[in-house]
Amino acid sequence: MKRIAVLTSGGDAPGMNAAIRGIVRACAYHDLTVFGVNRGFYGLIYHDFVNLSINSVGDIIHRGGTILRTSRTREFRDVNMRMRAKEALDYFGIKALFIIGGNGSLCGGYELSKLGVKVIGIPASIDNDIPGTDLAIGFDTAVNTVLDAINRIRDTATSHERIFIIEVMGRESGQIALASGLAGGAESILVPELPFDLKDVVERINAGIARGKLHSIIVVAEGCCSAIELGRKIEEMSRHETRVTVLGHTQRGGTPTAADRILASRLATAAVDLFMAGEFNQMVGIQRDRVVGVDLQTVVEGKKEFNQDMYELARILSI
Ligand code: F6P
């Protein structure tokens, strides 16, 4: 039986377990043996492999995190370490490596492919900043987690007639801020992709209060500016009381939404289909609700476009 290996790498994302399950079950369908690599690239370097049977992935589709655990492995930037990883794969007779992760992990995969490893990438990152796919596994769950927090904060914000600044994750990307801000009816959404004018933010707050609004919600992406500093300035300029909530790693955990489980299952199965078709060094992605294969080089050299139209829509609706 042909052998393949799968690992999860970088920041965990809800739905990674559903993707592991999808790979193992689709491989069983095609009579392939699956090895799991523990702790991402670290486990590849230090030969930490486990056999993943059909039963080993039972009862995980609804769990956040990753049963294979994950890491950010700096050592992998060293070509000697990548050679070690390749040797481990060759030693165990593994025909292809499936990498479930974000931009950094897919870059690691691309570097391995240059050494001759056959790689298939599956996009998973709450940041949703991976080029070549409209959606990454974990994004929908993270957005819904933020939305739940916004709903709760609205209650207390209204009671106290306060302005709330809510900082969300995303590294250099404003995707979580945009989606959760639009769905949560935020008065302003601040993202690293676009410059913002603090005076405009304060004017919107004041105009809302003048019309009878009892609170204001500002969603700020972590890559944009410091929420604490922003809160201080807004309080000074608007003369209204502000509070800051940094949601942090709450956004990375929790049970994956149906959308993330379905996405993970579709992408995992498509990844195994690529293997069966003998196509490698690609990432499976979703574009306009169709599963596609995208060249890994295009992914690692690309940049995800920011949805300006959606940003404008949020601005128009949040008067
Ligand atoms: O890439 C996912 C992410 O959660 C980012 O949004 C965030 O900036 C980063 O990871 C945090 O990483 P760590 O958990 O290593 O602190």
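> Is there a simple way to think about the overall build of the chain in this case?
Within the chain, the regular secondary structure consists of 11 helices and 11 strands. Relative to the 2.2 N^0.38 estimate, which gives 20 Å for 319 residues, the radius of gyration of the chain is 21 Å and therefore close to what a compact globule would have. Structurally, the chain occupies a C-alpha span of about 70 × 35 × 35 Å along its principal axes. Buried positions account for 52% of the 319 residues belonging to the chain. Pairs at least 24 apart in sequence give 76% of the contacts found in the chain among residues at least 6 apart. Across the chain, the 36 positively charged side chains and the 37 negatively charged ones have centroids separated by 4 Å.

> Can you walk me through the packing of aromatic side chains in this structure?
Here a ring pair, both rings aromatic, is described through the centre-centre distance and the interplanar angle of the planes. Counted according to the given criterion, the structure contains 8 aromatic pairs. Taken together, a centroid distance of 4.1 Å and an interplanar angle of 5 degrees make the contact between phenylalanine 41 and phenylalanine 76 stacked. Note that phenylalanine 41 is positioned in helix H2 (residues 41-45) and phenylalanine 76 in the loop between strand S3 (49-51) and helix H3 (79-91), a separation of 35 residues in sequence. Considered together, phenylalanine 41 and phenylalanine 76 belong to a single accessibility category, that of buried residues. Ring-pair connections join several aromatic residues into one group, and the members of that group are Phe35, Phe49, Tyr91 and Phe92.

> Just to check I follow, could you spell out the environment of serine 318 for this structure?
Along the chain, serine 318 turns up in the segment after helix H11 (308-317). For the pair serine 318 and glutamate 301, spaced 17 residues apart in sequence, the C-alpha separation works out to 35 Å. Contact partners of serine 318, with chain neighbours within four places excluded, come to Ala186, Glu187, Arg204 and Lys213. One polar contact links the side chain of serine 318 to the main-chain carbonyl oxygen of alanine 314, over a distance of 3.0 Å. Polar side-chain contacts of serine 318 include one of 3.2 Å to the backbone oxygen of arginine 315.

About the thresholds
- Residues numbered from 1 in each chain as written.
- Predicted model: local features only at pLDDT ≥ 70, side-chain atom pairs only at ≥ 80, totals over all residues.
- Heavy atoms only, no water.
- Helix = DSSP H or I, 4+ residues; strand = E, 2+ residues; numbered from the N terminus.
- Rg over C-alpha atoms; globule rule 2.2 N^0.38 Å.
- Buried < 20%, exposed > 50% of the residue type's maximum accessible area, 1.4 Å probe, protein only.
- Contact = heavy atoms within 4.5 Å.
- Lys, Arg positive; Asp, Glu negative; His and termini not counted.
- Charge placed at Lys NZ, Arg CZ, Asp CG, Glu CD.
- Phe/Tyr/Trp six-rings, centres within 6.5 Å; stacked < 30°, edge-to-face > 60°.
- Polar contact = N/O pair within 3.5 Å; in protein donor to acceptor, adjacent residues only side chain to side chain.

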